[in-house]
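One letter stands for each residue in the lines below.
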Amino acid sequence: MTAEPALPWWQDLTPRQIARLAADDGVAILPLAAIEQHGEHLPLSTDLDIALGLLHAALPRLRPGLPLCVLPPLAVGLSLEHGAFAGTLSLSPETALATLVELGDSVARAGLRRLVLFNSHGGNKAVLDLAALKLRVAHRMLVVRANYFRFAAPPDALPAAELRHGLHGGALETAMMLHLAPHKVRRDAIADFPSLGRALAEQGRLLGPEGEAGFAWMAQDLNPGGATGDARLGDAALGARLVAHFGAALARVIEDARDFDLAALGAAGTKAATGG
Ligand SMILES: [Zn+2]
């Protein structure tokens with residue numbers, strides 16, 4: 001990897017600089033990740049490495065001068081589904097929700113009203129949704145739920161079945177890690193990890209781990225190795241393409257968050273709210 005410019009970290013600023021950012025109606029970005037097993041070929045840090053890699057890819061693509069800062073990443077998230085594998089760290093749902101809300105409260109207290117929750121781990125989705133809603137209720141602020149894995153992938157990047165079922169440590173994550181942090185990838189452990197979800201879909205079932213009717217799952221339910229997907233389909237060139245693609249999508253989300261008309265966020269009841 002080439003040397004990257006530092007991210008514009010919240011923690012590098014002073015109170016006066018934060019106040020300036022608020023006066024400029026800037027965007028705060030909170031990266032959410034996980035420290036959890038990704039099979040034997042990828043490190044526990046995979047989701048954190050991808051979140052930061054996509055942020056690095058997004059920032060140069062932003063229109064110049066857009067005021068923003070990046071909060072300290074929430075490295076450990078909600079990873080209960082990976083708890084059977086050594087090394088997984090997880091908050092409880094209650095702690096994760098409280099943590100997100102309290103960080104959002106702090107951002108609101110600093111006067112910022114545009115917060116992008118940028119998430120790289122599927123297990124964080126539910127708590128991210130709840131935290132965003134609680135913050136919206138409490139602060140009349142824009143809280144964006146940006147899960148990169150919900151961004152449309154480049155259409156010809158991978159087979160549709162791999163995109164749909166290679167949820168964890170499959171081709172997508174393996175490719176991005178081979179680009180972002182190749183020294184952390186154990187290439188001799190890269191393999192095909194067939195998913196129960198794919199088998200059910202091929203039987204024509206609506207029921208699946210993330211199907212039209214989903215069921216709660218733990219990683220070992222989908223594949224005993226803890227990964228799902230064909231990691232052999234990922235290589236560094238594909239990873240570079242995916243990082244550029246998702247980074248560009250994230251840049252658009254950040255620009256949209258900056259351009260969003262906050263007046264659209266009405267106050268409760270019939271009484272018009274006073275802004276700011
Ligand atoms: Zn992951």
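Residues numbered from 1 in each chain as written. Predicted model: local features only at pLDDT ≥ 70, side-chain atom pairs only at ≥ 80, totals over all residues.

**Student:** What exactly am I supposed to notice about the overall build of the protein chain here?
**Tutor:** Counting its secondary structure elements, the protein chain contains 9 helices and 8 strands. The C-alpha atoms of the protein chain give a radius of gyration of 19 Å, which matches the 19 Å a tight globule of 276 residues would have. Principal-axis analysis of the C-alpha atoms gives the protein chain an extent of 55 × 45 × 35 Å. For the protein chain, the proportion of its 276 residues judged to be buried stands at 43%. Sequence separation of at least 24 residues holds for 80% of the intrachain contacts in the protein chain that already meet a minimum separation of 6. (Helix = DSSP H or I, 4+ residues; strand = E, 2+ residues; numbered from the N terminus. Rg over C-alpha atoms; globule rule 2.2 N^0.38 Å. Buried ≥ 20, exposed ≤ 12 C-beta atoms within 10 Å, placed from the backbone. Contact = placed C-beta atoms within 7 Å.)

**Student:** Any chance you could explain the sheet that holds strand β1 (residues 27-32) here in plain terms?
**Tutor:** Within the open sheet, the 4 strands sit side by side as β2-β1-β3-β4. Their pairing is parallel. In this open sheet, the two strands that pair with only one neighbour each are β2 (68-70) and β4 (142-147). Along the sheet, successive strands turn relative to each other by an average axial angle of 20°, direction set aside. Bridge count for β1 against β2 is 3 bridges, and the pairing is parallel. Following the sheet pairing, Ala28 is matched in β2 by Cys69. (Pairing = 2+ DSSP bridges. Axes fitted to C-alpha atoms, helices over the stretch in contact; angles between N-to-C directions.)

**Student:** What's the story with the packing of helix α6 (residues 171-180) against helix α9 (residues 236-259) in this structure? I'm lost.
**Tutor:** Any two packed helices are characterised by the angle at which their axes cross and by the distance between the axes. The N-to-C vectors of α6 and α9 enclose an angle of 95°; their axes lie 7 Å apart at closest approach. Between α6 and α9, the crossing angle belongs to the class labelled roughly perpendicular. Side by side, α6 and α9 meet where Leu172, Ala175, Met176, Met177, Leu178, His179 and Leu180 of the first sit next to Ala236, Leu238, Gly239, Ala240, Leu242 and Val243 of the second. (Parallel < 35°, antiparallel > 145°, perpendicular 65-115°, else oblique.)

**Student:** Just to check I follow, could you spell out the environment of Gln11 for this structure?
**Tutor:** Take Gln11: it is sitting in the segment before α1 (15-23). The sequence separation of Gln11 and Asp192 amounts to 181 residues, and the corresponding C-alpha distance is 41 Å.

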